[in-house]
Structure formats: C-alpha cells, structure tokens
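Chain by chain, the residues:
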Amino acid sequence: MRRGLFVAKPRIAVVDTTFSRVDMGALALLALKEFDVDTVRVTVPGIKDLAVECKRQLDAGADVALALGMVGGADIDRQCAHEASLGIQFAKLLTNKHIVEVFVHEKEARNESDLKSLFVDRTQKHAENAARLVLQPDWFTRRAGKGLRQGRDDVGSIS
Amino acid sequence: MRRGLFVAKPRIAVVDTTFSRVDMGALALLALKEFDVDTVRVTVPGIKDLAVECKRQLDAGADVALALGMVGGADIDRQCAHEASLGIQFAKLLTNKHIVEVFVHEKEARNESDLKSLFVDRTQKHAENAARLVLQPDWFTRRAGKGLRQGRDDVGSIS
Amino acid sequence: MRRGLFVAKPRIAVVDTTFSRVDMGALALLALKEFDVDTVRVTVPGIKDLAVECKRQLDAGADVALALGMVGGADIDRQCAHEASLGIQFAKLLTNKHIVEVFVHEKEARNESDLKSLFVDRTQKHAENAARLVLQPDWFTRRAGKGLRQGRDDVGSIS
Amino acid sequence: MRRGLFVAKPRIAVVDTTFSRVDMGALALLALKEFDVDTVRVTVPGIKDLAVECKRQLDAGADVALALGMVGGADIDRQCAHEASLGIQFAKLLTNKHIVEVFVHEKEARNESDLKSLFVDRTQKHAENAARLVLQPDWFTRRAGKGLRQGRDDVGSIS
Amino acid sequence: MRRGLFVAKPRIAVVDTTFSRVDMGALALLALKEFDVDTVRVTVPGIKDLAVECKRQLDAGADVALALGMVGGADIDRQCAHEASLGIQFAKLLTNKHIVEVFVHEKEARNESDLKSLFVDRTQKHAENAARLVLQPDWFTRRAGKGLRQGRDDVGSIS
C-alpha cells in the first residue's frame, strides 16, 4: 500500500449500472467524501456485469468494492439478481476482499418516493460500511447483533 | 495487443446458437460494423454451450464477448437459462473480462412480431455495449442511473 | 494430438448412467460411427456423477464429451438435474472443452413410446453435434438462428 | 498407490452425519466388507459439512468417497440439501474423483419403517457402487440404461 | 501450528453480523470458554459477508470458523441465505477447512422468546461442534445417526 515515501489511502471501487433508475454511484461517492479514502468509479450496463468489474478493480489494487444495482420488477429479474449475487460471492472468494452488495428491488417500495428514499438510505449506509470495513473494522463488532438495517430504520436487538 | 508494428484493434467474440429462432450473431455483427473493432464469430448448439465457448475465445485473445441466446417457452427452459447464466458469471471471473449476456425469452413477447423486435433491439444495443466496454467505458458512467433498457424503450431516472 | 507419425483422430467421451431407462451410450456410439472419430465410453450410476467423469475423460485427452442422462419424474429429480447441470457447466470451464449435455426428462413425454423416441432423436442429434464441434464447427454457424431442436422436430426461424 | 513393496488397496472414505436418524456410516462399512478395499470413516454434524470433509479425505489419498446424509422434512431442509449437493459437485471437480452422494429425504417415505428400509437399501447399494467405481468400472457399462435404483426396486429399461 | 517452543492451541474464528438481532458472536465466545482453544472475532454487516471473512480468517491461520447469521423474514431473505450458504460451501472447499454455518431464520420461531431460545441453543451447540471438529473429531463418530439437532431438542435415531 506504499507508493514512494507516501502511504496510500485505502481505495474503494464504486461500481454501478446504467440499468438503475437512480445514480447510485453518485450517492456512494457523496457518502464516501466523509472518509479518508481514495475512490475509483466504473459504470457497467446491468447487475450481472458487477461481479467481474468489482473483481477487476480489486485485482488492480482497490481494497474493497461497492456493487450497486437496481433489481427490476419483472419475474425474471429476481433470478438475474440471484445470478449476479452468486457471481459477487465468488468474486469475493477469488480476491479475498469484501464486496459490499447494494441491491434495491423495485418491488420493495410502496411508491416512487419510497423507492427513492430506499436508494438513498441503503446506498449511503452501505458506502459507509465499505469505508469502515477497511478503516475501522471494530465499528461493526461494537454493533454486533444490534439489528442494523440499510434502506430502512434499524430494528434493534431482541431483548 | 501489438502485432509487429501495428496496434491491434480490440477483438469482440460473437457467440450465438442454432437453437435461437433469430440469427442473433448476424444482428450483432451488423451493429458492430459501426465500431472500430475486429470480430470473431462462433455458433454453438444452445445456451448452455455459450459460457465455455466465450471463455475459449477470451482465452484466445478476444477482449470482450457477446453471449447471444434464446430461452424457450417450456417450463424447464428457464432453469436452463439460469444454469447458462451462472456458467457465464464464472467464465467472466475466470477470464477477468466482460461477457455481455443477451438472452431473449420466448415468453417475454406478446406475439412473433413483438418477439422479433425484442431480438433486434436487444441484440443491437448490447452489441454496442460490448464495443463501448472496450472502446469508451466512460460512455456508461455518463448514463449511470438513467434506466437504460435493451429490448424495450429506456425507462429513465426516478425524478 | 499427434502420436508417433500418426495424427490422432478426435476423441469423443461418451458418458452415460445405469439410472437411465434407455441405453443412451449405445445410441450415441451408433450415431458416432458415421464420423471419423475415436470414442471412449464410461458408465456411472446417475446424472450427478456425469460432470466429474466427463472432466476425467477430457483431462485424459478426450476432445469433447457427451453427458447422457435421464431425469426421473419425482419432484426432487429436477433439483438433481439442476445440480448435475451446474457441475457440467463448471467441468466445461475447468477443461476449456465442450461437454454436450443430453438430458431427457421422464415428464417431457406423453407416453413410453413418445419417451423412447425422445431418447433416440435427442441422443442421435446431440452425438452428431459433439462430433461436429470438433470436426466441422462451421456447420453450426451456417445454421445459426434456425431454431434447431434435439428430441423434437426443428421449429425454424421467425420470419 | 504403492507403499514400500506392497500395493495398497483402494481406499474408500465413508463420511456421515450426527443429524441423520440412522447410522448410515455403519451401514456403508458393513456393505463394504464384501469388497477388497480399505476404509476410513469420519462423521460431521450435518449434510453441509460433507463436501469439504470428503474433499479432505480424497486429498489425503482416498480414491472415492461416500457422502451419507439425511435431509429433514422442514421446508428449508430441501434448500440445505441443494447447497450441500452443489458443494459435493465442486468437491468432485476439484479432486477429479467420484463422491457417491447418498441422501435420504425424510419426506420420501410413507412411514418410519419405510424410511428405515430406504436408508438400508440406498446406503448398501451406493456403498457397493462406490467400491465398483474403483474396482470394476465395467460393472456399470454392462448395466447402462437398465433403470437401476437405490432405495427402491430397479425400474428396468423401456422396451 | 508451532510458534517457537510452544504448541499453539487450535484457533477458532467467530464471524457474526450487525444485521442479526442477537449478539451471536458473544454467545459463541461464551460457549468456547469451556474449550482449550484460541479465538478471533470479526463482525461484518450481513450474512453475504460471512463467507469471505471466514476465508480470510482461515487463510490467516484459523483452524475452523463459525459463520453466525440471522435470516430475515422477508421473501427475498431466504434467497440471500441461499447465496450466503453457497459462498460458505466454496470457502470451505478453497480452504479445506470446516466452517460451521449457524443460521437462524426469523420465521422458524413462534414468537420472540422462542426465537431467542433458538439463537442461544443453536449457537452454543454449534460453537461446541466447531471446537470438537478440531479437538476431538471422534466425538461425532460416536453420535453418528443419533438425530442430533441444534436449536431444538435432539430427535434421536429411528428404532
């Protein structure tokens, strides 16, 4: 992670899609401004293209990747999301690095306004997660079992 | 990518099937004429043969591949498409290159004329995507979150 | 592919099962007699044993493999076929060679006579496909998008 | 397979679970006494632990493995079996050796007595299959397409 | 496993999530106090992050890992669990080590109190399993086919 005399900052790859109806990459980059990290952004056509692009960026030196995608409302789209997710699982195992998968399903939301808010909340919280995985992994341990949620409010622990 | 004194053009592998009811390979090659790329075309029996043939072409020097296939209307065909897609996911990860999957489901269309138009629009747009992934990857970033669709009209962003 | 002064013929591995109710291996070997190829035949218990046996034969020098199996009519059998197919997808990617999967589902047929004819037609056509994949791959390109079928009559192109 | 001056017998790994309600490992070892093979037995908690343990034993020198497990009757159990099976598919491909998967589904049986008989018949026949895969692979070729079944009576060929 | 003059204790990686509504990592560490093992604990956001973190810990020297997660009650959550499980299957095969998967489904329980008791019983018993897999693998063989359960009471053997 050293270049010359300087210690490189952790690098986060932000990978999103043209299929999504919200600019998730821009939302992620905005959230990452609060952290001392470098970023690289790449956009691909759809969610099935995310795994290999994340792997390419991780192989090229990124420390963690954000895989940002929207899952359409058609019946076949859920199967596509499943295939995309399995690709992401394997990309993680082949690189030994974390890829934070941020998928928003069109069907999750009650209406367009609710959908937009899902996109914003989930992308922001998961972008923060990606940064913390490399900068302060203990952050998660202190919140183990706390019922944290991304996209909706946290649900908390069972008392 | 250099041969002798010349810089080789990016090479796109176009892989299609005899199972399809439309000559998707020809449609892709037509669309790719608008781009400064070399092409190689291979046809295999069905969609489950696409992943390994794409991998063979990528291993032999292609920079990106188009996996073109029709998914039949029978119940089992969707499972076959799922298996073919997972093979393609892994072929990407093993080659570190993009494979643009272009699947048309017989059941997607209202009638034969609608089906034909789906084939044409989706194959053409995805062939263009394949070329842009190697020639001008920034094209996608400028359209991130724009709700682009292949096969149907774009749906646009959520305002 | 050379042994001593001689050029070896392409070798096709024919792998079938004792679970099947038709001797698919014999049907395939019969069809392959029309082609200038060597063959090796191995039989395993069921469809989940096909992938690794095909890989073993391909690793031992076969140029292409036929994975021949019957899928039973019980509910769980379709899941088994799915697992077997995914194994075959990966065996292809690990060997960089084609494995032509020939599965006949008991449920596809209207009666035993129809089932028998499905077995014969699909096995013969796919055995020919396996031979052509190594002997004359252009055969497929000339039939791209022609709606070829194995087991049933071809359905043809969309006009 | 040679140790000093002696030719080692084929070694069969018998891997079973504490989740099962029948001692499948003991049934397999009993059946294997009829064959000139060495055996090694390992028990793991459940079916999802079978794939890696089989791989460990095969990597350590076993020639074939028996993966013995019971699938519970709850809805989620079938998904677990699917995951376990896919793990076993990959363990085979990574070792290039056969793993004979012997799964008994609680739901397959009409009652406890029927279930017990399923366990006994399937485990015994598959243990014999495992031994024959290394000792006399031609045994299967002579029975190709004969409709052999494990757990129930053979169904025979289609005439 | 030796460091200097000392024999290192087996090391168990405990990996849990912030998504869970119970601190499963703490439950596991408590159960492991009864065993002569070292532990390392890492918390990640959700179940899809478990496989790669377990693999990282196993690659770094842990002898076995506990993958602890809660599966939400939404329809899509079961698919996520499936993807997480397949990742864990592959992480095992790539490391040749056991990962004990401890998933609690929100839907399994009758109420919150039942859910809490499921968490406690399953995590404790599986933490003990993880320790025994490295310390006393024969423990399992003596209980083969005994119908052991984690989360609920054992169901016993079929007589």
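In case you missed it, the structure is sitting above this.
Residues numbered from 1 in each chain as written. Chains lettered and ligands numbered in written order. Predicted model: local features only at pLDDT ≥ 70, side-chain atom pairs only at ≥ 80, totals over all residues.

**Q** Please explain the overall build of chain A as it appears in this structure.
**A** Within chain A, the regular secondary structure consists of five helices and six strands. Moving toward the C terminus, one meets the helices and strands of chain A in the order β-β-β-α-β-α-β-α-β-α-α. Since a compact globule built from 159 residues should have a radius of gyration of about 15 Å, the 16 Å found for chain A is in line with a globular shape. When the backbone C-alpha atoms are referred to their principal axes, chain A occupies close to 50 × 40 × 25 Å. Taken across its 159 residues, chain A has 55% of its residues classed as buried. Partitioning the intrachain contacts of chain A with sequence separation of at least 6 by distance along the chain shows that 71% fall at a separation of at least 24. (Helix = DSSP H or I, 4+ residues; strand = E, 2+ residues; numbered from the N terminus. Rg over C-alpha atoms; globule rule 2.2 N^0.38 Å. Buried ≥ 20, exposed ≤ 12 C-beta atoms within 10 Å, placed from the backbone. Contact = placed C-beta atoms within 7 Å.)

**Q** Can you walk me through the sheet that holds strand S6 (residues 99–105) of chain E in this structure?
**A** Strand pairing in a sheet is mediated by backbone hydrogen bonds. Such pairs are either parallel or antiparallel. Residues and elements named next belong to chain E. What the four strands build is an open sheet, ordered S4-S3-S5-S6; its pairing is parallel. Each edge of the open sheet carries a strand with a single partner, namely strand S4 (38–44) and S6. Going from strand to strand, the sheet's axes swing by 15° on average, the running direction of each strand aside. With seven bridges connecting them, strand S3 (residues 11–17) and S4 associate as parallel partners. (Pairing = 2+ DSSP bridges. Axes fitted to C-alpha atoms, helices over the stretch in contact; angles between N-to-C directions.)

**Q** Hey, could you run me through the pairing of strand S5 (residues 64–71) of chain D in this one?
**A** Residues and elements named next belong to chain D. The buried fraction of S5 is high, at eight of eight residues. Two elements, S5 and strand S6 (residues 99–105), share seven bridges in a ladder whose sense is parallel. Opposite Leu-66, over in S6, you have Val-100 as the bridge partner. Following the chain from S5 across helix H3 (residues 75–95) to the adjacent parallel S6, one finds a crossover that is right-handed. (Right-handed = clockwise from strand over helix to strand, strands pointing away.)

**Q** Sorry, what's going on with helix H1 (residues 24–32) of chain B here?
**A** Within an α-helix, residues lying three or four positions from one another point in the same direction, as the helix has 3.6 residues per turn. All names here are of chain B. The complete set of buried residues in H1 reads Met-24, Gly-25, Leu-27, Ala-28, Ala-31 and Leu-32. Along H1, the residues classed as buried sweep out an arc of 160° about the axis, all on the same side. Of the surrounding secondary structure, the elements contacted by the buried residues of H1 are strand S3 (11–17), strand S4 (38–44), strand S5 (64–71), strand S6 (99–105) and helix H4 (112–135). (Arc of directions from axis to C-beta.)

**Q** Any chance you could explain the relation of the copies chain A and chain B here in plain terms?
**A** To go from the first copy of the chain to the second, apply a rotation about an axis and then a shift along the same axis. Superposing chain A onto chain B takes a rotation of 72° combined with a translation of 0.0 Å along the rotation axis, leaving an RMSD of 0.0 Å. The transformation relating the two chain copies, once decomposed into turn and shift, fits a five-fold axis. Each copy contacts the other with its own distinct surface, as only 6% of the interface residues of chain A are interface residues in chain B too. (Least-squares fit on C-alpha atoms with pLDDT ≥ 70 in both.)

**Q** Hey, could you run me through the interface of chain A and chain B in this one?
**A** On the side of chain B, 25 residues touch chain A, which itself brings 32 residues to the contact. Mapped by element, the contributors of at least two residues to the side of chain A that touches chain B are helix H1 (24–32), strand S4 (38–44), helix H2 (50–59), helix H3 (75–95) and helix H4 (112–135) of chain A. Of the residues forming the side of chain A that touches chain B, the biggest block, eight residues, is contributed by H3 of chain A. For the side of chain A that touches chain B, the residue count by class is 14 nonpolar, six polar and twelve charged. (Nonpolar A, V, L, I, M, F, W, Y, C, P; charged D, E, K, R; others polar.)

**Q** Teacher, can you tell me more about the environment of Lys-48 of chain C here?
**A** Mapped onto the secondary structure, Lys-48 of chain C falls in the loop between strand S4 (38–44) and helix H2 (50–59). A sequence separation of 33 residues divides Lys-48 of chain C from Ala-81 of chain C, and the C-alpha atoms of the two residues are 7.5 Å apart. Excluding residues within four positions of it along the chain, Lys-48 of chain C makes contact with Cys-80, Glu-83, Ala-84 and Gly-87 of chain C together with Gln-89 and Glu-101 of chain D.

**Q** Would you mind going over unusual backbone geometry with me for this structure?
**A** Of all residues except glycine, most have a negative phi; of all peptide bonds, most are trans. Although it is not a glycine, Asn-96 of chain A adopts a positive phi angle of roughly 60°. Mapping Asn-96 of chain A onto the fold places it in the loop between H3 and strand S6 (99–105).

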